[in-house]
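Fold and geometry: a report
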Amino acid sequence: MAKKRELLRGAEIFCRALKDEGVKHLFGYPGGAVLHIYDELYKQDAVEHILVRHEQGATHAADGYARATGKPGVVLVTSGPGATNAVTGIATAYMDSIPLVVFTGQVPTQVIGNDAFQEVDAIGITRPCVKHNFLVKNVKDLAITIKKAFYIATTGRPGPVVVDIPKDITADTCEYDYPDTITLRSYRPVAKGNLWQMKKAAQLILSAKKPMIYTGGGVILSAASGELTEFTRLLGYPITNTLMGLGAFPATDKQFIGMLGMHGTYEANMGMHYCDVLIAIGARFDDRVTGDLEKFCPYAKIVQIDVDPASIAKNVPVDIPIVGDVKNVLTDLIDLLKNSNDKPDAKALKAWWQQVHDWAALDCLQFDRSSQVIKPQYVIEKLWELTQGDAYVTSDVGQHQMWAAQFYKFDKPRRWINSGGLGTMGFGLPAAMGVKLAFPDETVVCITGEASLVMCIQELSTCLQYETPIKIISLNNRYMGMVRQWQEFFYSGRYSNSYMEALPDFVKMAESYGHVGLRIEETSAVEGALKEALALEERTVLVDFVTDQTENVYPMIAAGKGQHEMHLSTDRELA
Amino acid sequence: MRHILSLLMENEAGALSRVSGLFSARAFNIESLTVAPTEDPTISRMTLVTSGSDAIIEQITKQLNKLVDVVKVIDLNEYRHIERELMLIKLAAKKEDRDEIKLMVDIFRGRIIDVSENTYTIEMTGTGEKLDAFIATLDEDMILEVVRSGISGISRGNTAIQS
């Protein structure tokens, strides 16, 4: 029987397609080019529109929503400045492979290219920071393009997709037909790993004397935490996660040796440097992980598993590449390992673990717990204790982000939400809002600093309007802390423009937006303040912790150094 | 090393800029690039000449394959192949030089396709090297205008690239 076809306007098609795609939340901001769509949104209730206060906030909120749920985040903005304001959020999602579908309004097709009011070449501007983008030139293409956008955004290596819709398209009519599935001849992500490669990998993995498992955000994107945990426990090997990969393996597990990279643990970085077999899973050998490529993993044979062939051997040559979805590949590898006659070399492994424990004994994350001045690490440690490691934690970018990654031990995937690749200040607050909309009953915390926080502070209004009671933990050191740290280390302490003068009164600011504000200046008050903030379940609370201005993030590998060349702290150097 | 890459891609507006944008964004070399629709009007074929180490060429190939509009990428260096370039060249042809020019054009198997009082316009195809060699035989002052198409390439024998 032929499907019933109705004649709909483009704007109606847009709303129906989102509904048929199962979209529940649409983050957006209206404007001239999308007014037909907003009129249709007004008439329906399948999709809830979240009115942000700046388009950057819309993309970050949708991004946070996507990271927490695994579903695509959906954004609607107008043409011109609406589109350009969204670009930072799109680039943020692109760098971390987060599925977003961003709809940008466009001036009517007849005037495209005429420098019309609020016209910008959104396709051209976003091209380098999207997985793909589309300009819809005929209303007949609208539904199928939306289908393609969601399909491309969410499959293979996920990423943001922009759909640019001229205003006249939203007024034109055609029959509506939304396909259930779609195939594209030019886009066919690989799902399963090559069996021959996996057999070789299993053999190499079992032959290791000093193995290391190094995993990234790809494990979380592939929903493969269960498989990774089984794989790691089966082997008994040490595991480290990248900044993007935290939570894919339980941080409190004894096999977990901390994050690696520039501010990773000593044991993780030394383990990387001296390992003889490196098993890289859904990780892309980012420069913040590898340090100097010439010195990277000099003794290791490398197995790399990634869904994106272009990620494999991009920065570091790989001995056994496996292209495929991490979840599928790990499932197959687990089978191969279980059915293999070989077993991990228990004796060698014991000696290797001893070495790892010796490195760990240096206690590289120690800080002064007796300090009267609030140590930022202490705040996060307490937060972790009080939330039992179970909160959704978003962050902004800088020192607080690193401390959150080091001191909040994530046992579950999708709990740690930060801008790893692009490093976007201003991400944390709107992202937390997006997470809270997805999980209204969960505790959602934004760990931030006073510099990052103000970059998207306007979203406090959105938090009030949509009743998303998040907890904002601001580690206020009156500096752009990470900039100050680099200036201290590498610019002889010339603190050029890193001091945050003329800060607002954050308590009053929170209050003026209708929220609760607290200012905490002493270590002894930290725990009480966190408890108070968490207890106010119905309110957004901003806690302004006045922290030690001079605290640095340690340990640290200076840019361009090898993983074995770490600094432990200002007064603790390695021999 | 120099590589000739052949791409089949969706004949969509913007597909070309995705490819050229990729090369500039990732700092890959691009020596020449030609593109035109194929016998299937929904597919364009691009021939792209680039150079780099094996690792870079591998990365270029992978990144091109990753573009959603790209249906297929072939490195023609992996096949026996033929490459050709079309050149149109306008020469100042004085009366006393005309015989010599005509002779050289014949030797290089080109054709004179337009003649004016003072000029010859010549059409010539061949490898880039051959076209360079022809230009080298000419007196620099004689050359008024050179238009080169960039390389087009195809594999020899039974191998055929299809979408």
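Predicted model only: the values in this text are computed from it and were never measured. Within each chain, residues carry numbers counting from 1 in the order of the written sequence. Going through the entries in the order they are written, you letter the chains from A and number the ligands from 1. For this predicted model, a pLDDT threshold of at least 70 governs which residues receive local features, and a threshold of 80 or more governs which side-chain atom pairs are given and counted, while totals over whole chains, interfaces and linings are taken from all residues. Where side-chain values are given, they derive from all heavy atoms of the structure, hydrogens and water being excluded.

Helix and strand content of chain A: 22 helices and 20 strands. The quantity called the radius of gyration is restricted to C-alpha atoms. Its globule counterpart is 2.2 Å times the number of residues to the power 0.38. A compact globule built from 575 residues would reach a C-alpha radius of gyration of about 25 Å, and chain A, at 24 Å, matches this within 12%. Taking the principal axes of its C-alpha atoms as reference, chain A extends roughly 70 × 60 × 40 Å. By the burial criterion, 60% of the 575 residues in chain A qualify as buried. Using a 1.4 Å probe, the Shrake-Rupley method yields the accessible areas, and only the shown protein chains count as cover for residues. Of the roughly 22,300 Å² that chain A leaves accessible, carbon and sulfur atoms contribute 51%. In this count, Lys and Arg are taken as positive residues and Asp and Glu as negative ones, while His and the chain termini are left out. Working definition for charges: the position is that of NZ of Lys, CZ of Arg, CG of Asp or CD of Glu. In chain A, 56 positive and 67 negative side-chain charges are present, and the distance between their average locations comes to 6 Å. Under the DSSP-based scheme used, a helix requires at least four consecutive residues in state H or I and a strand at least two consecutive residues in state E, with every element numbered from the N terminus. A 1.4 Å probe rolled over the protein chains alone gives each residue an accessible area, and that area as a share of the maximum for its type sets the label: buried under 20%, exposed over 50%, partly exposed in between.

Moving on to helix α4 (residues 128-137) of chain B. Residues and elements named next belong to chain B. For α4, every residue scored as buried is listed here: G128, L131 and F134. Summarising the axial view, the buried residues of α4 lie within an arc of 120°, below the 170-degree limit, and thus occupy one face. In α4, the exposed positions angled more than 90 degrees off the buried face are occupied by E129 and A136. For this analysis, residues touch if any pair of their heavy atoms sits within 4.5 Å. Check the buried side of α4 and you find it contacts β5 (81-92), α3 (98-107), β7 (119-126) and β8 (143-155). In this context, the arc is that of the directions from the helix axis out to the C-beta atoms.

To continue, consider a nonpolar patch on the surface. All names here are of chain B. Candidate patch residues must exceed 30% relative accessible area and have no salt bridge, after which like charges are joined if within 9 Å and Val, Leu, Ile, Met, Phe, Trp or Tyr side chains if within 5 Å. Put simply, a salt bridge is a Lys or Arg side-chain nitrogen that is within 4 Å of an Asp or Glu carboxyl oxygen. A surface patch of nonpolar side chains, about 290 Å² in accessible area, is lined by L86, L88, I113 and V147. Within the secondary structure, I113 is located in strand β6 (residues 111-115). We classify I113 as partly exposed; its relative accessible area is 41%.

Here we take up unusual backbone geometry. Excluding glycine, a negative phi dihedral is what most residues carry, and trans is how most peptide bonds are arranged. Residue and element names in this part refer to chain A. The omega torsion of the bond from Y554 to P555 falls at -5°, within 30 degrees of zero and hence cis. Mapped onto the elements, P555 comes out in the segment after β20 (541-546). Of note in the backbone geometry, D115 takes a positive phi value of approximately 55° without being a glycine. With respect to the helices, strands and loops of the structure, D115 is situated in the loop between β5 (100-106) and α5 (122-126). By relative accessible area, which is 72% here, D115 ends up exposed. Residue Q388 is not a glycine yet carries a positive backbone phi of 50°. Along the chain, Q388 turns up in the loop between α15 (376-386) and β15 (392-395). Since its relative accessible area comes to 68%, Q388 is described here as exposed.

In this section: the interface of chain A and chain B. Listed as interface residues are 16 residues of chain A and, on the opposing side, 18 residues of chain B. Together, R127, R185 and S186 of chain A form the three largest contributors to the area buried by chain A at its contact with chain B, with a combined 43%. Run the count over chain A and chain B and you get three salt bridges. Across the pair R185 of chain A and E10 of chain B runs a salt bridge whose closest N-O atoms are separated by 2.7 Å. For this analysis, a polar contact is any N or O atom pair within 3.5 Å, provided that within protein one partner can donate a hydrogen and the other can accept it, and provided that sequence-adjacent residues contribute only side-chain to side-chain pairs. Along the contact surface separating chain A from chain B lie nine residue pairs in polar contact (both at pLDDT 80 or more). Residues are grouped as follows: Ala, Val, Leu, Ile, Met, Phe, Trp, Tyr, Cys and Pro are nonpolar; Asp, Glu, Lys and Arg are charged; every other residue, Gly included, is polar. A breakdown of the residues in the side of chain A that touches chain B according to their chemical character gives six nonpolar, three polar and seven charged. We define buried area as the total accessible area lost by two parts upon association, computed with a 1.4 Å probe and summed across both.

So, about helix α4 (residues 81-95) of chain A. Because an α-helix packs 3.6 residues into every turn, residues spaced three or four apart end up facing the same way. Residue and element names in this part refer to chain A. Helix span, expected: 1.5 Å multiplied by one less than the number of residues in the helix. Here α4 spans 22 Å end to end across 15 residues, near enough to the 21 Å set by a 1.5 Å rise per residue. The largest bend in α4 amounts to roughly 35° and is located at V87. Turning to α4, its buried residues number three or more, namely G82, A83, A86, V87, G89, I90, A91, T92 and A93. Buried positions along α4 lie against α3 (55-69), β4 (73-77), β5, α5 and β7 (160-166). A residue's bend is simply the angle between two axes: one fitted to the seven residues ending at it, one to the seven starting at it.

Residue and element names in this part refer to chain A. Along the chain, the position of Q458 falls in the loop between α18 (450-453) and α19 (460-465). A distance of 3.0 Å separates a polar atom in the side chain of Q458 from a polar atom in the side chain of E459. Ignoring any residue separated from it by four or fewer positions in sequence, one finds Q458 in contact with R53, H54 and Y513.

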